[in-house]
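# Per-entry structural report
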Amino acid sequence: MGQDGANYSEASLVSKLDKLVHTQESINALSYWLLFHNNRAKESVMCWCEQLTKAPPQKKLFFLYLVNDILQQRKKSESFLIEFKKVLPEVFKNSFKFIHPDIKQKVKRMLNVWKERRVYPTPFIQTLEHQADINDLGKGQPQSAKPEQTMTDIPDQLKNIVKNLNSLKALDASKLASVSRINGIRASLFVKESFDNIHDTAALETGSEDVKKAIQLIETYQQLLASEIKARMNVVTDLTLFLQEQSLAVESLNSTKSLMNEKLKHLNNVQETLIGKLSSTSDNTIVDDAMYQSFIRMDEQPVTFNTSSGVHPATLDRIQLGWPNEGLGDFNL
């Protein structure tokens, strides 16, 4: 155990991870191969981290099962325990926070096994659960009942923004792996005076090779930074255009709203005028109707005579009230 082995390389590990499937045989075989090269644990974990960010959601779960198989063999995996502990919180945050709830449930079951077998301290495992929003699974409405959002649900103007934001998430894990490697560069490589007293050809060649690798690591990190800057600038550009579109839309809507307010004002004025006229017409109609009804009642009253005296009722009224008879002329009522 622990020998480099002529067949170890990052390329060979990438190939093996690419072929990893969800079977015990596949996971066990790669786990054994990695443990055989346990003195390359740091490189292996960084490579695992980079490849996981590129893997589809279901395949990410296989990557975790591989970690589980390695870490369960505690006597052989001490170096892997240390290296995985450095990267797992960021991996859970970037790769498992927004994954499908069904997959997240399986991750939760694996973490419960880690708690029971004390693979890592409970507080650390709780940190992983928090990073991936696993703590709230099963509370309230099951998350698996919620439909998973797809790009077809997102407005066209926002699709590029979402695409660039997703690329930033993938870059985070790659940057983490790259920074870890850069941190492993020994400080003396950055000081040329460190080589002043070295005259041995082999030592100088080794130093030159180490410096060359360090340069490559930093150049790789610079490329990642450049990619992130580009992606973020694309987000800024797309957001600026989106905000401009929204501002123009708001301006147009406000203009339309003002126009509608004017139309509404005119219609309200017309309505008030019509109500006034209808009210006036209604009052006149009531008066006319009252007079008409009065006339009807008068017409309907029968003219009667005092049949016992043969005197007109009006004459009887005059006699009773003591009215004078002047002006009656020759009429004898």
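In short, a report on the structure. (Residues numbered from 1 in each chain as written. Predicted model: local features only at pLDDT ≥ 70, side-chain atom pairs only at ≥ 80, totals over all residues. Heavy atoms only, no water.)

### A short note on the packing of helix H4 (residues 57-71) against helix H6 (residues 101-117)
Packing of H4 against H6 brings their axes to within 10 Å, and their N-to-C directions diverge by 10°. In this view, H4 runs roughly parallel relative to H6, as classed from their interaxial angle. Between H4 and H6, the contacting residues are Pro57, Gln58, Leu61, Leu64, Tyr65, Val67, Asn68 and Leu71 on the first element and Ile103, Lys106, Val107, Met110 and Trp114 on the second. Counted by class, the contact of H4 with H6 contains 10 nonpolar, 2 polar and 1 charged residues. (Axes fitted to C-alpha atoms, helices over the stretch in contact; angles between N-to-C directions. Helix = DSSP H or I, 4+ residues; strand = E, 2+ residues; numbered from the N terminus. Parallel < 35°, antiparallel > 145°, perpendicular 65-115°, else oblique. Contact = heavy atoms within 4.5 Å. Nonpolar A, V, L, I, M, F, W, Y, C, P; charged D, E, K, R; others polar.)

### Comments concerning empty space enclosed by the protein
Applying the stated criterion to the full structure yields 1 cavity of 30 Å³ or more. Taken as a whole, the largest cavity encloses approximately 40 Å³ of empty space. Looking at the largest cavity, the residues that line it are Leu13, Leu17, Leu34, Ser44, Val45, Trp48, Leu66, Phe80 and Phe84. Those elements that place two or more of their residues in the lining of the largest cavity are helix H1 (10-18), helix H3 (41-54) and helix H5 (78-96). Sort the elements by how many residues they give to the lining of the largest cavity and H3 lands first, with 3 residues. Residues of the lining of the largest cavity, tallied by class, amount to 8 nonpolar, 1 polar and no charged. (1 Å grid on protein atoms, 1.4 Å probe; cavity = no way out; pocket = protein on both sides within 12 Å on 5 of 7 lines; lining within 4 Å. Points joined across faces, edges and corners; volume = space filled by probe spheres on them.)

### As for the layout of surface pockets
Its volume calculated, the second largest pocket comes out at about 720 Å³. Together, 23 residues line the second largest pocket, and Glu43, Arg181, Lys213, Ala214 and Leu217 are the ones closest to its centre. At the level of elements, H3, helix H8 (156-183) and helix H9 (201-300) are the ones that each hand at least two residues to the lining of the second largest pocket. If you tally residues by element for the lining of the second largest pocket, the top one is H9, at 7 residues. Split by residue class, the lining of the second largest pocket holds 8 nonpolar, 6 polar and 9 charged.

### So, the nonpolar core
Counting residues in each nonpolar core, the largest one holds 48 residues, and the members touching the most others are Trp48, Phe84, Trp114 and Tyr120. Every element with two or more residues in this core is listed here: H1, helix H2 (24-36), H3, H4, H5, H6 and helix H7 (122-131). Among residues more than four places away in sequence, those in contact with Phe84 are Val45, Trp48, Val67, Ile70, Leu71 and Tyr120. (Core = buried A, V, L, I, M, F, W, Y, C linked by side-chain atoms within 4.5 Å. Buried < 20%, exposed > 50% of the residue type's maximum accessible area, 1.4 Å probe, protein only.)

### Some remarks on the side chain of Ser44
Within the secondary structure layout, Ser44 lies in helix H3. Residue contacts for Ser44: discarding those within four places in its chain leaves Tyr8, Leu13, Leu34 and Phe80.

### Here's the deal with the side chain of Ser31
Topologically, Ser31 is positioned in helix H2. Apart from the residues within four sequence positions on either side, Ser31 is in contact with Leu66, Asp69, Ile70 and Gln73.

### A short note on the pattern of salt bridges
A full pass over the atoms with the stated rule returns 5 salt bridges. The salt bridge partner of Lys115 is Glu129, with a shortest N-O separation of 2.9 Å. Of this pair, Lys115 sits in helix H6 while Glu129 sits in helix H7; the two residues are 14 residues apart in sequence, bridging distant segments of the chain. For Glu129, a relative accessible area of 5% puts it in the buried group. Residue Glu228 pairs with Arg232 through a salt bridge whose shortest N-O separation is 2.9 Å. Taken together, the positions of Glu228 and Arg232, both in helix H9 and 4 residues apart, correspond to about one turn of that helix. (Salt bridge = Lys/Arg side-chain N within 4 Å of Asp/Glu carboxyl O.)

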